[in-house]
Amino acid sequence: MSSALPSPAVPASITPPQGDEPATLQRLLDRGFPWMRFPAELEARFQQDMVAQRLQHFLLSGIVALLVYNGFLLVDYLMASDVFWLALQIRLFVFTPLAGAVLWAYWRWGPRILAWRLPVLIEGAVLCSGLMAAASLAFILSSSHTALSHYYHVGFIVVIIYGNIVQRLRFWMAVPFSLLVLAMHLGGIVVLDHMPPRLLGPIVIMVAATIVFTLMANYALERDERRHYLLTLREKALVQQLAHTHARLMELSKVDSLTELANRGHFQDYLQQVWRRAAPDRTSLALLMVDVDHFKKYNDRYGHPAGDAALREVARVLGSNLRRPGDLVARYGGEEFVAVLPQASPETASQVAERVRQAVEALQVRHEGSSTARVLTVSVGVAHGVAGNVASPEALLKQADQALYQAKREGRNRIRLLMQP
């Protein structure tokens, strides 16, 4: 087992913030985006993230718009009565089946569209449907010769409102859409050449004004949508940063700053957890209590910086020799360390303790103040018991301390094992 604590798991749904993302988003919010474009990477992310919302809006608005489109049969009857049956055929037997098939396809294969995450599929469908509605109106007007049909040119206003406000085309698609509808309107006037001069100016001005006003509204809607998106991203990034910082602080609160092993508090919590898991099945548990021999003399002779370095070396040895999943080594206090070995046999625990003792001695850290050896050594107390037979984890810890005391009393630089059934 590594001497460092494992990093806390991050939920899959949360991506840890990268770099200074909240600050970057805030700068973008402050500076604005008058051209309705984010930086390339963020723009692509925005377009993809909005696909699901755009698809749902397209389907619902499309159904309503199709009903309204066919409701204009009443206007056809009143203002272009001479071509009413032609209008009925175009609306009910050409446009409606085609639009209905598109809506059904987008509803039926919606999950696949979302998986592709291609916003152009949504915007393209809106653009084409609006232009087809305008084209059908232009064809009906070109075929009618009633006096009232001249007034029917204001119907292009409804088409413009559909694309720019109802379906909310992206601004840079709403602009060409509006210009194409205006071109159909003006082209029809020029080609037919029977628009009364007194109506020409007002109707063209009304259509052009509608384009200007709806584009202004479209711009404001998209600006607010983009701003809300940035605010949402910023909030999410801040929450992620807080969660990341909190997790890091929680991790640091469990770590001894000198040795980077678990600290005493975390060891005690972990021991309780292991004990609760072991008690129902009455599984075995071993504890190692490790003490650096004559450490006060080492500090007095070589100084505290050298003492800290020696403790870090002992910690590294402990961490590298406890390799099983579930093992935990911690600094218990001062020059004392402790290790938890769940489901370890007495033989395994003793082998680990002896391996640690030999590895510390093999460091050959000079210790001339020791009466045990000329190098730094450790004494290890090993306690082993079965959860349920031992009264409590505290009792097992006390047993490990007694084993350590016995090892030190017998001359240090050795291990001693105490067992309970």
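Refer to the structure above for everything that follows.
(A) Highlighting the pattern of salt bridges. For the coordinates displayed, the defined rule picks out 18 salt bridges. When the shortest N-O distance is used, the salt bridge between Asp300 and Lys296 registers 3.2 Å. Of this pair, Asp300 and Lys296 are both found in helix α12 (residues 295–302), four residues apart, which corresponds to roughly one turn of the helix. For Asp300, a relative accessible area of 56% puts it in the exposed group. Residue Arg416 pairs with Glu410 through a salt bridge whose shortest N-O separation is 2.4 Å. Judged by its relative accessible area of 34%, Glu410 falls in the partly exposed class. Each of Arg37, Glu43, Glu222 and Arg226 takes part in salt bridges that share partners, so that together they form one network.

(B) Up close: a nonpolar patch on the surface. On the surface, a cluster of nonpolar side chains totalling about 350 Å² of accessible area is made up of Leu74, Tyr77 and Leu78. Within the fold, Leu74 resides in helix α4 (residues 73–79).

(C) Representation of unusual backbone geometry. Phi angles above zero are rare outside glycine, and Gln364 is one such case at about 55 degrees. Following the sequence through the fold, Gln364 ends up in the loop between α14 (346–362) and β4 (378–386). Overall, Gln364 belongs to the exposed group, its relative accessible area being 54%. Backbone geometry places Arg412, a non-glycine residue, at a positive phi of 65 degrees.

(D) Fine view of the packing of α12 against helix α13 (residues 304–321). Closest axis-to-axis distance for the α12/α13 pair is 7 Å, and the angle between their directions is 135 degrees. Between α12 and α13, the interaxial angle falls into the category oblique. Counted together, Phe295, Tyr298, Asn299 and Tyr302 of α12 and His304, Ala306, Gly307, Ala310 and Leu311 of α13 form the full contact between these two elements.

(E) Expanded view of the side chain of Ser370. The residue Ser370 is located in the loop between α14 and β4 in this model. Since its relative accessible area comes to 2%, Ser370 is described here as buried.

(F) Structural context of the environment of Lys297. Here Lys297 lies in helix α12. Sequence separation between Lys297 and Ala359 is 62 residues, and the spatial gap between their C-alpha atoms is 21 Å. Excluding residues within four positions of it along the chain, Lys297 makes contact with His367 and Gly369.

(G) Spotlight on the packing of aromatic side chains. One pass over the full model with this rule turns up 14 aromatic pairs. With a centroid separation of 5.9 Å and an interplanar angle of 85 degrees, the aromatic rings of Phe267 and Tyr332 are classed as edge-to-face. With Phe267 in helix α11 (residues 264–281) and Tyr332 in strand β2 (residues 328–333), this residue pair connects regions lying 65 residues apart in the sequence. Overall, the relative accessible area of 13% leaves Tyr332 in the buried class. Grouping aromatic residues by their ring pairs yields a cluster made of Phe33, Phe38, Phe46 and Tyr229. Above the face of the Phe38 ring, Arg226 is positioned so that its terminal group lies 4.8 Å from the ring centre. Cation over ring: Arg264 sits above Tyr332, and NZ or CZ is 3.9 Å from the ring centre.

(H) Highlighting the sheet that holds β4. Ordered in space as β2-β3-β1-β4-β5, the five strands form an open sheet in which the pairing is mixed. Both edges of this open sheet fall to β2 and β5 (415–419), since each of them pairs with a single strand only. Ignoring which end each strand starts from, the neighbouring axes of this sheet average 20 degrees apart. Here seven bridges tie strand β1 (residues 284–292) to strand β3 (residues 336–342), and the two strands are oriented antiparallel to one another. Residue Val290 lies in a different strand from β3, and its bridge partner there is Phe337. Where α11 meets the sheet, it contacts β1, β2 and β3, and its direction lies at approximately 135 degrees from that of β2. Most of the contacts of helix α15 (residues 393–409) go to β4, to which it runs at about 145 degrees, and overall it touches β1, β2, β3, β4 and β5.

(I) Structural detail: the pairing of β5. Pairing of β4 with β5, which is carried by five bridges, proceeds in the parallel orientation. Across the sheet, Gly381 pairs through a bridge with Arg416, a residue of β5.

(J) Highlighting helix α2 (residues 40–49). All of the buried residues along α2 are Leu42, Glu43, Phe46 and Gln47. End-on view of α2: buried residues confined to an arc of 135 degrees, all on one side of the axis. α2 presents Ala40 and Glu41 as exposed residues on the side facing more than 90 degrees away from its buried surface.

(K) Quick peek at the nonpolar core. Ranked by internal contacts, the top residues of the largest apolar core, which has 55 residues, are Phe38, Leu42, Phe58, Tyr106, Val181 and Leu230. Mapped onto this core, the elements with two or more residues apiece are α1 (21–31), α2, α3 (51–71), α5 (84–108), α7 (119–143), α8 (155–166), α9 (171–192) and α10 (197–252). For this core, the element with the most residues is α7, which contributes ten residues. Beyond its immediate stretch of four places on either side in the chain, Val181 contacts Leu131, Ala134, Phe156, Val159 and Ile160.

Definitions and cut-offs
Residues numbered from 1 in each chain as written. Predicted model: local features only at pLDDT ≥ 70, side-chain atom pairs only at ≥ 80, totals over all residues. Heavy atoms only, no water. Salt bridge = Lys/Arg side-chain N within 4 Å of Asp/Glu carboxyl O. Helix = DSSP H or I, 4+ residues; strand = E, 2+ residues; numbered from the N terminus. Buried < 20%, exposed > 50% of the residue type's maximum accessible area, 1.4 Å probe, protein only. Patch = residues over 30% accessible without salt bridge, like charges linked within 9 Å, V, L, I, M, F, W, Y side chains within 5 Å. Areas by Shrake-Rupley, 256 points an atom, 1.4 Å probe, with all protein chains shown as cover. Axes fitted to C-alpha atoms, helices over the stretch in contact; angles between N-to-C directions. Parallel < 35°, antiparallel > 145°, perpendicular 65-115°, else oblique. Contact = heavy atoms within 4.5 Å. Phe/Tyr/Trp six-rings, centres within 6.5 Å; stacked < 30°, edge-to-face > 60°. Lys NZ or Arg CZ within 6 Å of the ring centre and 35° of its normal. Pairing = 2+ DSSP bridges. Arc of directions from axis to C-beta. Core = buried A, V, L, I, M, F, W, Y, C linked by side-chain atoms within 4.5 Å.

Read these as spatial facts, not as claims about activity.
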